[in-house]
Amino acid sequence: MTRKMNAVARCERLRERYMNGDLDRRSFLGLLGAAGAACGLATPYRALAKEVTHIRFDGWGGVVSEALRKHAFDPFEAATGIKVVDGTFGGGDEYLSRVKASQPGEYNIAHLSGVFDYARYHNLGLTSELNEKNIPNLQYVIPKLIDVFRKVSGGALSCVPYDYGTTGIAYNRAHISDDEAKVKGAKLLIDPAHKGKISGWADWRTRMWYAALQTGQDPNGIVDEDAAWDAVRAHRDLALKYWNSGAELMSLLAEGEVHVTEGWSGRIYALQEQGHDIGYIDPPNGFGWQECMFVIKGSPMEACEELLNFMLAPETAIAVAEAQNYPPALDPTKVDLGPKIPTLPAFDPSGTLAGLTFADPAYWNSREAAWSKTFGRVQRGY
Amino acid sequence: MSVEAREARQPWILLAPALSAVTLLLFVPLLFILVYSFWLRTATGADQPGFFLDNWREALTDPFYRDILLSTLRIAAITTAVCALMGYPTAYFIARSRGDKLLMVLLLMLPFWISYIIRTMSWINILGASGAANAALMALGVVSEPVNMLYNEAAVILGLTHYLLPFMILNVFVSLEGIDANVEAAANSLGATRWQSFLEVTLPLSLPGLAAGGLLCFVLGAGTYITPLILGGPRDAMFANLVFEAIITQLNWPLGSALSLMLLLVLGALVAIYNRYLGMTQLMKGLG
Amino acid sequence: MMGWQLIRAWAIAVYVFMFLPVGVVVLLSFNDSQFGSFPMTGLSLRWFAELWSNEAILRAFRTSVALGLLTALISTTLGVLAALALVRYRVPGANAISTLLIAPILVPEVVLAVALLLFLDFLGLHKSFALLLLGHVIFTLPFVVLVVQARLVSIRRDVEEAAMSLGASPAQAFFQVTLPLMRPAVLAGGLFAFTVSFDDVTGTLFWKPGGVETVPTQIFAMLRNSISPEINALGTAMIVMTVGLPLLGAAIARRLAMKDGG
């Protein structure tokens, strides 16, 4: 560890000289390589300086990428000379199909949703193995969030946890009282009294999760599958439409098109921040999820690890969290998260996340093929 | 080289760039899709190479796909008819007006400057519960509660019509422009009423444009998937949505390949019929 | 004349229909609130200010324009040549070739997108701007072929032949007789190619190389989070540029022409 810290300190000194203009870029990178080689890293920085010129990062567009650009990518580029090429995607499924059609090494780091997504990448053989020694900031992350990923990939990590949130029930307070929402819980979404004023996410996992809650079942162990599909059908018949993006979710609620829908906690918080009278509850066993920064197999590992370390630096993680309204994966008992984050929905001050239910990746992924297809049919009236 | 031989080679020189582009960038890649359609998707999400007929059996025998394919063709046909009805008189007006035709055509393309998704979503601001139409109706006291006009098949057709209408108008306009206005005048002077001369002279001469516009509207309408997502209700879907879901959501490329080849075959057959009966050779015969 | 009045009223109604969404987008770009509820609560220029400081979307705009212009240029050239061959010559299997050239719009775009990437992978090539351009050329080509063919059919061959019988070479006949007659179709084809390329989401999502975003892909990513009225502001700005500037130019040209004439 001390040797590592020495190397880091040396790199820092070199970076300072580079920034001051004492060193041109080529000799800076060369010396950086020498420094890395000197401290005996498995794949020395020399190789990195020679080959790695850029890292490809893909994530959600808008505020999130702006915060990452400012607090992580720009400082990282200044420190290492490696460019971060950032791209955006509109959804996790779309991105995975792009990765599947890509060549190894083309995509490097991605902001993925859910442990089940991590498991999907693992099943497709896309996981890499991070050297955690190179990511000292991992010590600030809530251990429970790390452990679930380890379990999927057999001990090693291919990602670092980054943020978490819930998909709960959002309702228009002008038409539905807090009491009604609390009493009815998930069943509010299949309440005939609100026919034509209901919406929901066109995502088969969310539909089945809430169907489980509506039929009094454990979402991670649905026994009566038929009853759950009937609940999905009941919701379909009462719904005005399904939404497919945060933009649709927010405008459906803000413009009064619908009175109740599931919603992403951070997006609903943004509506509340703007003064819309929207309520939000996580019913018992509500849908919790966590997002991670995933390194895809075939990426330059040392460079990616260093970038992940930059991204996990409390200053960066907090800035991103405040921009997207989802709490960071940092442990509130170890890091001061500032004034805004404790007010975010789904935030857990204890750092244990005991109150949230996450999707069991083994359970959901083994049903993915069948259920995603069934939902495609049920949605169209079958 | 003889003149005939040169004459015979010339069209192929002209066709070569377009044909090689389509071959290299469409047909060769489609071979990969064809191969994929015989593979299988395993439970883990990986693809298993081989020669399996499962996807084709599913695509061809399952009534679910047949029903959605039929309703897709129906929606595309209605949209095309609406576009023709709205578009033909408009194109005629532009072609025969004494105003600035180029400006009128350019104005027609104006909506394309606003991204398709945004354009489609803006119908929600017009027809939605808190949209302009409902606000106006309520202000006038016609209704007391917002009227629900969106999220049904009619809304999907409306969105598609708005997207496709310029293609129809421009195609008809271009062919009307090619007709000598004197031909119509001559018919009139021979005692035909304006309506007769339109029906017997102008309309037949403008059929290539109407047919080309109709084909574009139909094919583009049948291949759309974003409009039903934004303006449709929970059940409204078109065939391309199923392809999109198979490939993107379910990551089932083998099935998605079979489904898309199926759509390609159906639409291709329609285009072949178009080319046979309305296409170039046929029309040239008629004109010759 | 009754009929003409009717046609004019019809055409005006159609234009109103086409402009409704444009009008709403322009209106909402001045909206005080993020969401488009009517009646509007107030006016503001904040979305234009945000657009101006949104470097990402301005960069995407420049990419889209460059891509659209190049696509239109290549696609129109290929399409016009092909249409000429099909209409002006007796080509064996012309019907089949016609169908082949229209095929790119028969394939669902998501499939075309994946298919092209699989092929690229097979060749061991990396994504690049050139590939994105080729992809756009492929699916804009049918638009050009269709509209140019339809126009060419109605240009009578004897006009060309008359020119040649008067001593023009085939090339002269083409450039001085046929091409001017084809001009509306060539312009329409180019316009189609540009707008279709400018508006494409699905194919672009798959083909764009790292760090390249077009306006639609940028919007697509922004919508994931929330409604961003700066997109409306961008629409307004583009409409002002494409309508306002040419109108101004035409007015100036007319003024100058009048001066020359007088």
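Residues numbered from 1 in each chain as written. Chains lettered and ligands numbered in written order. Predicted model: local features only at pLDDT ≥ 70, side-chain atom pairs only at ≥ 80, totals over all residues. Heavy atoms only, no water.

- An unreviewed UniProt entry annotates chain C as Spermidine/putrescine transport system permease protein originating from Oceanicella actignis.
- Annotation of chain C in UniProt includes, under Subcellular location (unreviewed entry), the sentence "Cell membrane".
- Taken directly from UniProt, the Sequence similarities (unreviewed entry) text for chain C runs: "Belongs to the binding-protein-dependent transport system permease family. CysTW subfamily." (UniProt positions renumbered as here; feature names shortened; annotations may be inferred.)

- Named according to an unreviewed UniProt entry, chain B is Spermidine/putrescine transport system permease protein originating from Oceanicella actignis.
- Chain B has a UniProt comment under Sequence similarities (unreviewed entry) that states "Belongs to the binding-protein-dependent transport system permease family. CysTW subfamily."
- Taken directly from UniProt, the Subcellular location (unreviewed entry) text for chain B runs: "Cell membrane".

### Structural notes on the overall build of chain B
Move 1: Counting its secondary structure elements, chain B contains 13 helices and two strands.
Move 2: With respect to the three principal axes, the spread of C-alpha positions in chain B is 80 × 75 × 30 Å.
Move 3: Residue burial in chain B is summarised as follows: out of 288 residues, 56% are buried.
Move 4: Nonlocal contacts in chain B, meaning residues at least 24 apart in sequence, comprise 67% of its contacts between residues at least 6 apart.
Move 5: For chain B, the computed accessible surface area is about 11,600 Å², with 68% contributed by carbon and sulfur atoms.
Move 6: With 14 positive and 16 negative side-chain charges, chain B shows a spacing of 6 Å between the two charge centroids. (Helix = DSSP H or I, 4+ residues; strand = E, 2+ residues; numbered from the N terminus. Buried < 20%, exposed > 50% of the residue type's maximum accessible area, 1.4 Å probe, protein only. Contact = heavy atoms within 4.5 Å. Areas by Shrake-Rupley, 256 points an atom, 1.4 Å probe, with all protein chains shown as cover. Lys, Arg positive; Asp, Glu negative; His and termini not counted. Charge placed at Lys NZ, Arg CZ, Asp CG, Glu CD.)

### Structural notes on the UniProt feature "transmembrane region" (unreviewed entry) in chain B
Residues and elements named next belong to chain B.
Move 1: In the numbering used here, UniProt assigns the feature "transmembrane region" (unreviewed entry) to residues 12–39, 73–95, 102–118, 124–143, 155–174, 210–231 and 251–274.
Move 2: Along residues 124–143, the helical share is 60% and the strand share 0%, with 18 Å between the first and last C-alpha atoms.
Move 3: Secondary structure across residues 210–231 comprises 86% helix and 0% strand; the distance between its end C-alpha atoms is 27 Å.

### Remarks on a nonpolar patch on the surface
All names here are of chain C.
Move 1: Taken together, the side chains of M241, L245, L248, I252 and L256 make up a nonpolar region of the molecular surface, amounting to roughly 480 Å² of accessible area.
Move 2: The topology assignment puts L256 in helix α11 (residues 230–261).
Move 3: Given the relative accessible area of 47%, L256 is considered partly exposed. (Patch = residues over 30% accessible without salt bridge, like charges linked within 9 Å, V, L, I, M, F, W, Y side chains within 5 Å. Salt bridge = Lys/Arg side-chain N within 4 Å of Asp/Glu carboxyl O.)

### Observations regarding the interface of chain C and chain A
Move 1: Taken together, the contacts link 25 residues of chain C with 34 residues of chain A.
Move 2: Buried area between chain C and chain A, both sides added, is near 2,400 Å², and the carbon and sulfur share of it is 51%.
Move 3: There are one salt bridge connecting chain C and chain A.
Move 4: Viewed at the interface, chain A and chain C are joined by nine residue pairs in polar contact (both at pLDDT 80 or more).
Move 5: Considering each element in turn, the side of chain C that touches chain A owes the most residues, five residues, to helix α10 (residues 215–225) of chain C. (Buried area = accessible area lost by both parts, 1.4 Å probe. Polar contact = N/O pair within 3.5 Å; in protein donor to acceptor, adjacent residues only side chain to side chain.)

### Details of the pattern of salt bridges
Move 1: Considering all chains together, one arrives at 33 salt bridges over all chains under this definition.
Move 2: For E368 of chain A, the salt bridge identified is with R120 of chain A, shortest N-O distance 3.2 Å. Note that E368 of chain A is positioned in helix α15 (residues 361–379) and R120 of chain A in helix α6 (residues 114–123), a separation of 248 residues in sequence. The same class applies to E368 of chain A and to R120 of chain A, which are both buried.
Move 3: Salt bridges linked by common partners bring D93, D117, R120 and E368 of chain A together with R41 of chain B together as one network.

### Some remarks on the nonpolar core
Side chains that are nonpolar tend, in soluble globular proteins, to be buried together.
Move 1: Within the largest apolar cluster, 264 residues are counted, with the highest numbers of intra-cluster contacts made by L68 and M311 of chain A, F167 and F239 of chain B together with L101 and W207 of chain C.
Move 2: Among the elements that make up this core, the one with the highest residue count is helix α6 (residues 129–154) of chain C (16 residues).
Move 3: When neighbours within four sequence positions are excluded, M311 of chain A is seen to be in contact with F57, L68, A72, F73, Y162, M293, T316 and A317 of chain A.
Move 4: In this structure, I198, W209, I222 and V232 of chain A belong to the second largest nonpolar core, which totals 32 residues. (Core = buried A, V, L, I, M, F, W, Y, C linked by side-chain atoms within 4.5 Å.)

### So, the UniProt feature "transmembrane region" (unreviewed entry) in chain C
Residue and element names in this part refer to chain C.
Move 1: In the numbering adopted here, UniProt assigns the feature "transmembrane region" (unreviewed entry) to residues 12–30, 65–87, 99–123, 129–152 and 231–253.
Move 2: Taken as a whole, residues 65–87 contains 100% helix and 0% strand, while its terminal C-alpha atoms sit 32 Å from one another.
Move 3: When the span residues 129–152 is considered, its composition is 100% helix and 0% strand, and the gap between its end C-alpha atoms is 33 Å.

### A short note on the confidence of the model for chain B
Move 1: Looking at chain B as a whole, its pLDDT mean stands at 88, while 95% of the residues score no less than 70.
Move 2: Ranking the elements of chain B by mean pLDDT puts helix α13 (residues 280–287) of chain B last, at 49, and helix α3 (residues 63–96) of chain B first, at 96. (pLDDT = per-residue confidence, 0-100.)

### Some thoughts on the UniProt feature "domain: ABC transmembrane type-1" (unreviewed entry) in chain C
Move 1: Here the UniProt-annotated "domain: ABC transmembrane type-1" (unreviewed entry) positions come out as residues 61–249 of chain C.
Move 2: As a span, residues 61–249 of chain C carries 81% helix and 0% strand, and end to end its C-alpha atoms are 23 Å apart.

### Description of the interface of chain C and chain B
Move 1: Every contact between the two is made by 89 residues of chain C and, on the other side, 98 residues of chain B.
Move 2: When chain C packs against chain B, the two sides together hide about 8,700 Å² of surface, and 83% of this comes from carbon and sulfur.
Move 3: For the pair chain C and chain B, the number of links is one salt bridge.
Move 4: Its salt-bridge partner being R119 of chain B, residue D199 of chain C comes within 2.2 Å of it at the nearest N-O pair.

### Digging into the UniProt feature "domain: ABC transmembrane type-1" (unreviewed entry) in chain B
Move 1: UniProt feature "domain: ABC transmembrane type-1" (unreviewed entry): in the numbering of this structure it lies at residues 69–274 of chain B.
Move 2: From the first C-alpha to the last, residues 69–274 of chain B spans 19 Å; its make-up is 77% helix and 0% strand.

### Thoughts on the pairing of strand β4 (residues 159–172) of chain A
For a regular strand, side-chain orientation follows a simple rule: the groups alternate between the two sheet faces.
Residue and element names in this part refer to chain A.
Move 1: Across the 14 residues that make up β4, a large majority, 14, are buried.
Move 2: When β4 meets strand β9 (residues 287–295), the two strands line up antiparallel, connected through eight bridges. When the sheet's bridge partners are listed, T167 is paired in β9 with F287.
Move 3: Where β4 and strand β7 (residues 260–264) come together, five bridges link them in antiparallel fashion. Within β7, the position partnered with I169 by the bridge is E262.
Move 4: In this structure, β4 lies alongside strand β8 (residues 278–281), joined through four bridges in antiparallel fashion. When the sheet's bridge partners are listed, I169 is paired in β8 with I281. (Pairing = 2+ DSSP bridges.)

### Notes on the side chain of T71 of chain C
Move 1: Mapped onto the elements, T71 of chain C comes out in helix α3 (residues 55–88).
Move 2: Those residues within four positions of T71 of chain C in sequence are excluded, and the remaining contacts are T76, L133, H136, V137, T140, A193 and S197 of chain C.

### A look at the environment of L308 of chain A
Residues and elements named next belong to chain A.
Move 1: Here L308 is to be found in helix α13 (residues 301–312).
Move 2: Judged by relative accessible area, which is 0%, L308 ranks as buried.
Move 3: For the pair L308 and V260, spaced 48 residues apart in sequence, the C-alpha to C-alpha distance is 38 Å.
Move 4: Excluding anything up to four places from it in sequence, L308 contacts I109, L130, I135, V160, M293 and V295.

### Examining the packing of helix α11 (residues 246–254) of chain A against α10 of chain C
Move 1: The contact between α11 of chain A and α10 of chain C brings their axes to 4 Å, and the two run at 50°. The orientation of α11 of chain A relative to α10 of chain C falls into the category oblique. Residues G246, A247 and M250 of chain A of α11 of chain A form the contact with α10 of chain C, whose participating residues are L223, R224 and N225 of chain C.
Move 2: For the contact of α11 of chain A with α10 of chain C, the per-class residue count stands at three nonpolar, two polar and one charged. (Axes fitted to C-alpha atoms, helices over the stretch in contact; angles between N-to-C directions. Parallel < 35°, antiparallel > 145°, perpendicular 65-115°, else oblique. Nonpolar A, V, L, I, M, F, W, Y, C, P; charged D, E, K, R; others polar.)

### Things to note about the packing of aromatic side chains
Each pair of aromatic rings is reported with the distance of its centres and the angle of its planes.
Move 1: As enumerated under the stated definition, the model contains 47 aromatic pairs over all chains in all.
Move 2: A centroid spacing of 4.8 Å and a plane angle of 20° characterise the contact between F38 of chain B and F51 of chain B, whose relative ring orientation is stacked. Here F38 of chain B, found in the loop between α1 (3–36) and β1 (40–41), pairs with F51 of chain B, found in the loop between β2 (47–48) and α2 (54–61); they are 13 residues apart in sequence, far enough to count as distant.
Move 3: The exposure class assigned to F51 of chain B is exposed, which follows from its relative accessible area of 62%.
Move 4: Taken together, the ring pairs in this structure connect W204, W209, W229, F287, Y363, W364 and W371 of chain A into an aromatic cluster.
Move 5: Lying across the ring of W253 of chain B, K100 of chain A places its NZ or CZ 4.1 Å from the centre.
Move 6: The aromatic ring of F112 of chain B is capped on one face by R119 of chain B, whose charged end is 4.8 Å from the ring centroid. (Phe/Tyr/Trp six-rings, centres within 6.5 Å; stacked < 30°, edge-to-face > 60°. Lys NZ or Arg CZ within 6 Å of the ring centre and 35° of its normal.)

### Considerations on the domain arrangement of chain C
Move 1: Under the domain assignment, chain C is made up of domain 1 (1–44) and domain 2 (55–231).
Move 2: The straight-line distance from the C-alpha centre of domain 1 of chain C to that of domain 2 of chain C is 30 Å. (Domains from an automatic or database assignment.)

### Digging into the domain arrangement of chain B
Move 1: Segmenting chain B into domains produces domain 1 (1–30) and domain 2 (58–287).
Move 2: Centre-to-centre, using C-alpha coordinates, domain 1 of chain B lies 31 Å away from domain 2 of chain B.

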